[in-house]
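Letter by letter, the chains look like this.
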Amino acid sequence: MGKALPNRRQKFTDGLMRSKFLCGLFFVLAAFCALAAETALPFVSPMFGDNMVLQRGKSNVIWGWSQPGDKITVEIAGHSATTTVGNDGRWQAKFEPPAAGGPYTLKVWSAGQTNEFHEILVGDVWLCGGQSNMELGLARARNGVEEIKSASHPEIRLFTVRRQVAYAPAAVPQGSWKICSPQTAGENGGFSAVAYFFGRKLQDELHVPIGLIQDCLGGTPAESWMNPATLRQLKDFDKPLDEIARLHAKGGPEYGSFLMHWLDEYDAGNNSWSAANLDDTDWKPVPIPGGFQELGVPDAPAVCWFRKEIVLPDPLPGGKATIFLGVIEKMDTTYINGRWVGASSWVENPRAYPVPEGILRPGTNLVTVRVFKLKPDGGFRSKPDELRLVLGDKTVISLAGDWKGKLSVDARPPHPLPLTWENYPTMPAVLFEGMIQPVAPLAIRGAIWYQGEANFTRAFQYRTLLPLMIADWRQAFGQGDFPFYIVSLPAFMHRRDHPGDDGWAELREAQALTAQTVKHSGLAVTVDTGDADDIHPKDKEPVGERLALVALAGEFGEKISYAGPTFTRAERASNAMKIHFTHTDDGLVAKGGELKEFSIAGKDRQWHWADAKIVGDTVVVSSPAVAEPEAVRYAWQANPVATLYNSAGLPAVPFRTDHWPLSTESAKPW
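Given the structure is predicted, the values throughout are model-derived calculations rather than measurements. Starting from 1, residues in each chain are numbered consecutively following that chain's sequence as written. Local features in a predicted model are, by the rule used here, given only for residues with pLDDT of at least 70; side-chain atom pairs are given and counted only at 80 or more, and totals for whole chains, interfaces and linings are based on all residues. The side-chain numbers reported here are obtained from all heavy atoms of the structure, hydrogens and water having been left aside.

Draft legend 1. Representation of the sheet that holds strand 14 (residues 331-336). Pairing between two strands is assigned when DSSP locates at least 2 bridges connecting them. Strands here mean DSSP runs of E at least two residues long; helices mean DSSP runs of H or I at least four residues long; both are numbered from the N terminus. Here we have 6 strands laid out as an open sheet, ordered 11-21-12-17-14-15, and antiparallel in their pairing. Strands with a single pairing partner mark the edges of an open sheet, and in this sheet they are strand 11 (284-288) and strand 15 (339-344). Across the sheet, the mean angle from the axis of one strand to that of its neighbour is 30°, orientation sign disregarded. Lines fitted to the C-alpha atoms define the axes, with helices restricted to the stretch that makes contact. Angles between their N-to-C directions range from 0 to 180 degrees.

Set out below in structure tokens:
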């Protein structure tokens, strides 16, 4: 992304961190729980249960575990199937579903046990994948509170796949089916807003039950959702895959984070120096901000621990307290009174962690911070007044000044460093193994996908990753080329004043190319939604509804407008370029009366903002600065003023007519 990348990267991480600081604790706990969940194999996979939706119009597969040789029978509404448990203890049966509708009862039995599942519907099941913008709950969406109040849709059923990291194929998913209601749509922050609006639109139009499976995790790159065998073919991921294999053979918790494993191996204070009753008499007095010079590592990579006692009023004021630690390079983990409060591995952000209820107490409290710094000026990088604890009544307790510190890891060469710095799951393949494999081969209608933010610095590589990931999912589910619909990234970061290269735009192009070239896939353009200051925009209703339009047209054959103007070809017209489109509907429209965000370049490849006007179903683009134009780009930046629409009110797909090298072509993950 050229010279603009550092600031734009900062904006990216600033938004992302707000949803990431809880992930570290969750996956420490989840890693220890995963093994226990896998050892108790259920008679029937948890993908089947009360209130579920079975896929209409195709054979359904059901599976579970029992004693080898047991005979298993499955029956629903007079449709039955029988199978025998294999030597590995797993059984699988294929049966034909009854007519769309319901409710039905699904019965599964053997000589030794019987399971009955009630309130079963038959309709269409959709897998809803991606990262945090697919995960973002209905409560955080625009008008989310009102939407939740009216979310009584008994023919929409919801299943949230519990987060699970795995270094080898996991067998058992965790979760349960729920009837869509104000309670279930809104609990724990709400079901995926995008999935909800998508499903609601489909149910309104098709009048059949809809099952939505939320299978996503914030901050995760596409490669985390891919088959490791596929990634091996690319060669780009051999190094991390080799390390994952080593860690798997070694045993222990499966974090999905190289950083967390590194801390387990090298941090002497891990899981002990945060204790409130720790004897710290041998710790050195240090000033914060600062502290690393006093511990002998002023310029070296190091892990250091810091502790400070503070005194709080009695009684404690009510309301939510927040601890602010300023900007920390590179990673911190923060505790109060021995209890985990927050963690982040993002450099550019001021740390701000809400303090859970019950941690603070009147009188003396202990704040402990572990910092892993890499740079000579790393560690606490903000001014003293930015380090503070703010109580519920806005009382400010300064955290700057005298602390105690102790060196845990002197990581200067030749000491090894972790492969990556994220403290949440970003390892290749670990979510495919943990969250896709256990769901397959459930019968589904198709999938929707909202992801790409974590790959935008490697946008050119995404052209390869996304099609291969789609193929991996289709192979895992074994139902042919089921529909796969992609959300094109919305607007984000502040608008750039001058045209040029942009990784966010290049990621959108990779998504569009995938939709054009991969069979039974499609694209929902959202460039006219978004928030310059928030990577998690609240406008999720148009996203879900545009995905539904793509599905209604592509999968169900409805004769509707489902896509905005899409570039087909360009031709030179004297000193201008004429751009041709499909999906113009009843004509092209300049929203607000003026076409913006067109740029033009000549053979020198220098981009200039251009004048653009609609002529029939084409746009003519020119600039006095370019006498002999060679190429045109539209909406080619992260946050463009995108004003080209069709008469159906759908925005044009951002595009470029050139085939010149892109800014992310040489970017590699390792």
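Draft legend 2. Quick peek at the pattern of salt bridges. Here a salt bridge means any side-chain nitrogen of Lys or Arg lying within 4 Å of a carboxyl oxygen belonging to Asp or Glu. In the structure shown here, the tally under the stated rule is 35 salt bridges. One salt bridge connects Arg163 with Glu135, and the closest N-O pair in it is separated by 2.4 Å. With Arg163 in the loop between strand 8 (153-160) and strand 9 (177-180) and Glu135 in helix 3 (residues 132-135), this residue pair connects regions lying 28 residues apart in the sequence. Taking relative accessible area as the criterion, Arg163 reaches 28% and is therefore assigned partly exposed. Exposure classes here rest on a 1.4 Å probe applied to the protein chains alone. A residue is buried below 20% of its type maximum, exposed above 50%, and partly exposed in between. A relative accessible area of 16% means that Glu135 is categorised as buried. Arg351 is paired through a salt bridge with Asp332; the nearest N and O atoms lie 2.5 Å apart. Taken together, the residues Arg351 in strand 16 (residues 350-355) and Asp332 in strand 14 connect sequence positions 19 residues apart. Each of Arg463, Asp501, Glu509, Arg633, Arg656 and Asp658 takes part in one network of salt bridges that share partners.

Draft legend 3. Expanded view of empty space enclosed by the protein. A cavity here means a set of points on a 1 Å grid, drawn over the protein atoms and nothing else, where a 1.4 Å probe fits but cannot get out; a pocket is an open set with protein on both sides within 12 Å along at least five of seven lines, and a residue lines either one if it has an atom within 4 Å of a point. Grid points are joined across faces, edges and corners, and a volume is the space filled by probe spheres set on the points. Summed over the entire model, instances satisfying the criterion amount to 1 cavity of 30 Å³ or more. In this structure, the largest cavity is lined by Arg496, Pro499, Gly500, Glu597, Ser599, Trp609, Arg633, Tyr634, Ala635, Trp636 and Gln637. Residues are grouped as follows: Ala, Val, Leu, Ile, Met, Phe, Trp, Tyr, Cys and Pro are nonpolar; Asp, Glu, Lys and Arg are charged; every other residue, Gly included, is polar. Broken down by class, the residue content of the lining of the largest cavity amounts to 5 nonpolar, 3 polar and 3 charged.

Draft legend 4. Representation of the packing of aromatic side chains within the structure. Any two of the Phe, Tyr and Trp rings considered here, Trp counted by its six-membered ring, make a pair once their centres fall within 6.5 Å; the pair's planes then place it as stacked at under 30 degrees, edge-to-face at over 60, or tilted in between. For the structure shown, the criterion picks out 26 aromatic pairs. Judged by centre distance (6.3 Å) and plane angle (45°), the rings of Trp449 and Phe484 are tilted. With Trp449 in strand 22 (residues 446-450) and Phe484 in strand 23 (residues 484-487), the pair connects residues that are 35 residues apart, well separated along the chain. Put simply, the rings of Phe567, Phe581, Phe598, Tyr634 and Phe655 pair up and form one aromatic cluster.

Draft legend 5. Summary view of the nonpolar core. For the purposes of this section, nonpolar cores are sets of buried Ala, Val, Leu, Ile, Met, Phe, Trp, Tyr and Cys residues that join through side-chain atoms within 4.5 Å. Formed by 120 residues in total, the largest nonpolar core has its most connected members in Phe48, Ile62, Trp91, Leu442, Trp473 and Phe598. When residues in this core are grouped by element, the largest group, 8 residues, is from helix 11 (residues 459-477). If you look at the next biggest cluster of nonpolar residues, it comprises 36 residues, including Ala151, Ile156, Val194 and Leu206.

Draft legend 6. Highlighting helix 6 (residues 193-206). Here a helix's expected span is defined as the number of its residues, less one, multiplied by 1.5 Å. Between its first and last C-alpha, helix 6 extends 20 Å over 14 residues, near the 20 Å set by a 1.5 Å rise per residue. Along helix 6, 11 of the 14 residues are buried, which leaves the element largely enclosed by surrounding structure. Considered for burial, the residues of helix 6 that qualify are Ala193, Val194, Ala195, Tyr196, Phe197, Phe198, Gly199, Arg200, Leu202, Gln203 and Leu206. Within 3.5 Å is the distance limit for a polar contact, defined as a pair of N or O atoms, with the added protein rule that one can donate a hydrogen and the other accept it, and that residues adjacent in sequence qualify only through two side-chain atoms. Where helix 6 begins, the side chain of Ser192 points an oxygen toward the backbone nitrogen of Ala195, at a separation of 3.1 Å. Backbone geometry just downstream of helix 6 places His207 in the positive-phi region, at approximately 60°.

Draft legend 7. Structural detail: the sheet that holds strand 33 (residues 618-622). The strand order 27-28-33-32 describes an open sheet built from 4 strands, whose pairing is antiparallel. Each edge of the sheet is formed by a strand with only one pairing partner; in this case those strands are strand 27 (566-573) and strand 32 (611-615). Strand-to-strand twist in this sheet, taken as the mean axis angle between neighbours without regard to direction, amounts to 25°. Pairing between strand 28 (residues 576-582) and strand 33: 5 bridges, direction antiparallel. Among the inter-strand pairings, His580 is bridged to a residue of strand 33, identified as Thr618.

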